[in-house]
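# Results of the structural survey
Each chain is listed here by its residues.
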Amino acid sequence: MSVALFTLGGTISMAGRTADGVARLTGADLADAVPGLAALGVPLDVQDVEAVPSANLTMTKILDVVDAASKAISTGATGIVVTQGTDTLEETAFLVDLVWPHANPFVLTGAMRNPTLASPDGPANLLAAAQVACSPAARDLGALVVFNDQIHAARWVRKTHSTSTATFASPNAGPIGHVVEDRVRILSRPPRLDGVPGRAEAAALEATKVALYTITLDDDGLLLHGLADTHQGLVVAGYGAGHVPSALAPVLGDLAERIPVVLTSRTGAGSILRNTYSSIGSESDLLNRGLIDAGFLDPHKARLLLRHLLATSTPQPDLSATFAQHH
Ligand code: ASP
């Protein structure tokens, strides 16, 4: 049994300020700071990939890590752990989940309190992540976020607080398991969704521009005009169950005739409705105008999914069918 650990930076690795920036711990430093890790008796194969704030990660960088992780599995690793900043962790976990082809667990974690503070949470999170990564119970669950002794499915997890160590939550479903007294306890096993076909290449991602537009009160929609000339796709984070001001409905309908436009909710939990409201700009009106229903998928994850599907030239029916898995 062994775990491949890939480190990408973030708060978990911050060792204080230096004259020219932030001192970072390596994966070996991180592992050495977790006493229980040695007791686990599972060798860690550490690869330090990046030492950056997670705001600087890219889809291509994460897909490269997935490729390296696949190689680690093919040479015998039981599971994968990635440490990174928490700011983008919900998105990277979702991207990994889309493309991870193995039954072996792929676990992402980080920390909210850096190692120079009292009670840093990184060591406990890393230990729990390693325990999940080598647990047979965590197989066939795709990418998981392990944080604060909770296990979250990538498709539902969100960062819900800017500073709390309990920041990761799955508002629609709750955690799918817990780490209790060093035991991995899985409470529900959501079926794996169909992944996306192949990985998007760097140049294709670069060329695929997908905008995310959040509707706000008294919205003039100015940024939407001409968007189909510069972007290949659009995700709309609408009010409530998928609503926009009436004046924006035809604008979005026109865009949907030229590029895929995906409808999500800006609320943070719950699904887009289909048949409850019928005024201009309501969910049923927008779906009739050709917008794609993202169901329970949140706006940030919907943008990643749409960009990946477009960058792999997925035909429109398959694109809608992929989003339909989240209904
Ligand atoms: N700003 C940090 C990052 O995402 C926050 C963290 O690691 O928790 O890199």
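Above: the structure in question.
Note that residues are indexed from 1 along each chain, following the sequence as it is written. Two thresholds apply to this predicted model, a pLDDT of at least 70 for residue-level local features and 80 or more for giving and counting side-chain atom pairs, whereas whole-chain, interface and lining totals are computed over all residues. Side-chain numbers here rest on the full set of heavy atoms in the structure, without hydrogens or water.

## So, the overall build of the protein
What counts, and what does not: In DSSP terms, a helix is any run of H or I states spanning at least four residues, a strand is any run of E spanning at least two, and both are numbered starting from the N terminus. Exposure categories follow from relative accessible area, calculated using a 1.4 Å probe and restricted to protein chains: below 20% of the type maximum is buried, above 50% is exposed, and the middle band is partly exposed. Residues are treated as being in contact if the distance between any of their heavy atoms lies within 4.5 Å. Working definition of accessibility: Shrake-Rupley area with a 1.4 Å probe, residue cover restricted to the visible protein chains. Lys and Arg are tallied as positive, Asp and Glu as negative. Neither His nor the chain termini are counted. Lysine's charge is taken at NZ, arginine's at CZ, aspartate's at CG and glutamate's at CD.
Looking only at helices and strands, the protein features 11 helices and 16 strands. Across its three principal axes, the protein shows a C-alpha extent of roughly 60 × 45 × 35 Å. When each of the 327 residues of the protein is scored for burial, the buried share is 50%. Taking as baseline every contact in the protein between residues at least 6 positions apart, the subset at least 24 positions apart corresponds to 71%. As displayed, the protein offers around 13900 Å² of accessible surface, 52% of which is attributable to carbon and sulfur atoms. A gap of 3 Å separates the mean positions of the 22 positive and 31 negative side-chain charges of the protein.

## Section: the nonpolar core
So the rule is basically this: Side-chain atoms within 4.5 Å are what join buried Ala, Val, Leu, Ile, Met, Phe, Trp, Tyr and Cys residues into a set we call a nonpolar core.
Core analysis: the biggest nonpolar cluster contains 50 residues, and Ile-80, Val-82, Trp-100, Phe-106, Val-262, Leu-305 and Phe-323 have the highest contact counts within it. Elements represented by at least two residues in this core include exactly strand E1 (3-9), helix H3 (59-74), strand E5 (79-83), helix H4 (89-99), strand E6 (106-109), strand E7 (143-147), helix H10 (299-311) and helix H11 (316-324). Counting residues per element, this core draws most heavily on H3, which supplies 8 residues. In this structure, Ile-80 is in contact with Ala-4, Phe-6, Ala-69, Ala-72, Ile-73, Trp-100, Pro-105, Phe-106, Val-107 and Ala-133, ignoring residues within four places of it in sequence. Core analysis: the second largest hydrophobic core is formed by 28 residues, Val-107, Ala-138, Val-146 and Ile-176 among them.

## Some words on the pairing of E6
Selection rule: Two strands qualify as a pair provided that DSSP identifies no fewer than 2 bridges between them. The path from the first strand over the helix to the second decides the hand: if it runs clockwise while the strands point away from the viewer, the crossover is right-handed.
Judged by which residues are buried, E6 turns out to be covered on both faces: Phe-106 and Leu-108 on one side and Val-107 and Thr-109 on the other are all buried. As paired strands, E5 and E6 are joined by 4 bridges and run parallel to one another. Pairing of Val-82 across the sheet is with Leu-108, part of E6. Crossover handedness for the path E5 to H4 to E6: right-handed. A crossover links E6 with its parallel partner E7, the connecting element being helix H5 (residues 122-133), and its sense is left-handed.

## Looking at the pattern of salt bridges
A pair can form between side chains of opposite charge whenever their charged atoms are brought close. So the rule is basically this: Any carboxyl oxygen of Asp or Glu that lies within 4 Å of a side-chain nitrogen of Lys or Arg is treated as forming a salt bridge with it.
The tally for this structure, following the rule as stated, stands at 13 salt bridges. Here Asp-298 ties to Lys-301 by a salt bridge, and the two come within 2.5 Å at their closest N and O atoms. A residue is classified by how much of its surface remains accessible, and Asp-298, at 8% relative accessible area, is buried. Judged by relative accessible area, which is 0%, Lys-301 ranks as buried.

## Examining the site of the ligand
To keep it simple, the criterion reads: We call a residue near a molecule or strand when any one of its heavy atoms sits within 4 Å of it. The definition of a polar contact used here is a pair of N or O atoms within 3.5 Å, where within protein one atom must be able to donate a hydrogen and the other to accept one, and adjacent residues in sequence count solely through side-chain atom pairs. Under the scheme applied, nonpolar residues are Ala, Val, Leu, Ile, Met, Phe, Trp, Tyr, Cys and Pro; charged residues are Asp, Glu, Lys and Arg; polar residues are all the others, including Gly.
Contacts to the ligand come from Gly-10, Thr-11, Pro-53, Ser-54, Gly-85, Thr-86, Asp-87 and Ala-111. One of the side-chain N or O atoms of Thr-86 is found 2.4 Å from an oxygen atom in the ligand. Separating an oxygen atom of the ligand from a backbone N or O atom of Ala-111 is a distance of 3.0 Å. Compared with its free state, where it exposes 260 Å², the ligand has 83% of that area covered by protein. Its residues placed into classes, the shell around the ligand shows 2 nonpolar, 5 polar and 1 charged.

## As for the packing of H10 against H11
What counts, and what does not: Each axis is a line fitted through C-alpha atoms, taken for helices only over the stretch in contact, and angles between the N-to-C directions span 0 to 180 degrees. Angular relationships are summarised with four words: roughly parallel below 35 degrees, roughly antiparallel beyond 145, roughly perpendicular across 65 to 115, and oblique for the angles in between. Crossing handedness follows the turn of the near helix against the far one: under a right angle anticlockwise gives a left-handed crossing, and clockwise gives a right-handed one.
Here H10 crosses H11 at 155°, and the two axes come no closer than 11 Å. The angle between the axes of H10 and H11 places the two elements in the roughly antiparallel class. For H10 against H11, the interelement crossing comes out right-handed. Mapping the contact onto sequence places Ala-302, Leu-305, Leu-306, Leu-309 and Leu-310 in H10 and Leu-319, Thr-322 and Phe-323 in H11. Each residue belonging to the contact of H10 with H11 can be placed in one class, and the counts come to 7 nonpolar, 1 polar and no charged.

## Describing the sheet that holds E1
Strand order in the open sheet formed by 8 strands is E4-E1-E5-E6-E7-E8-E11-E12, with mixed pairing between adjacent strands. Here the strands that pair on one side only, and so sit at the sheet edges, are strand E4 (44-52) and strand E12 (183-186). On average, each strand axis in the sheet is inclined to that of its neighbour by 20°, with strand direction left out of account. The pairing of E6 with E7 spans 3 bridges and is classified as parallel.

## What to know about the environment of Ser-271
Residue placement: Ser-271 occurs in the loop between strand E15 (261-265) and helix H9 (283-288). A relative accessible area of 26% places Ser-271 in the partly exposed class. Residue contacts for Ser-271: discarding those within four places in its chain leaves Ala-241, Gly-295 and Phe-296.

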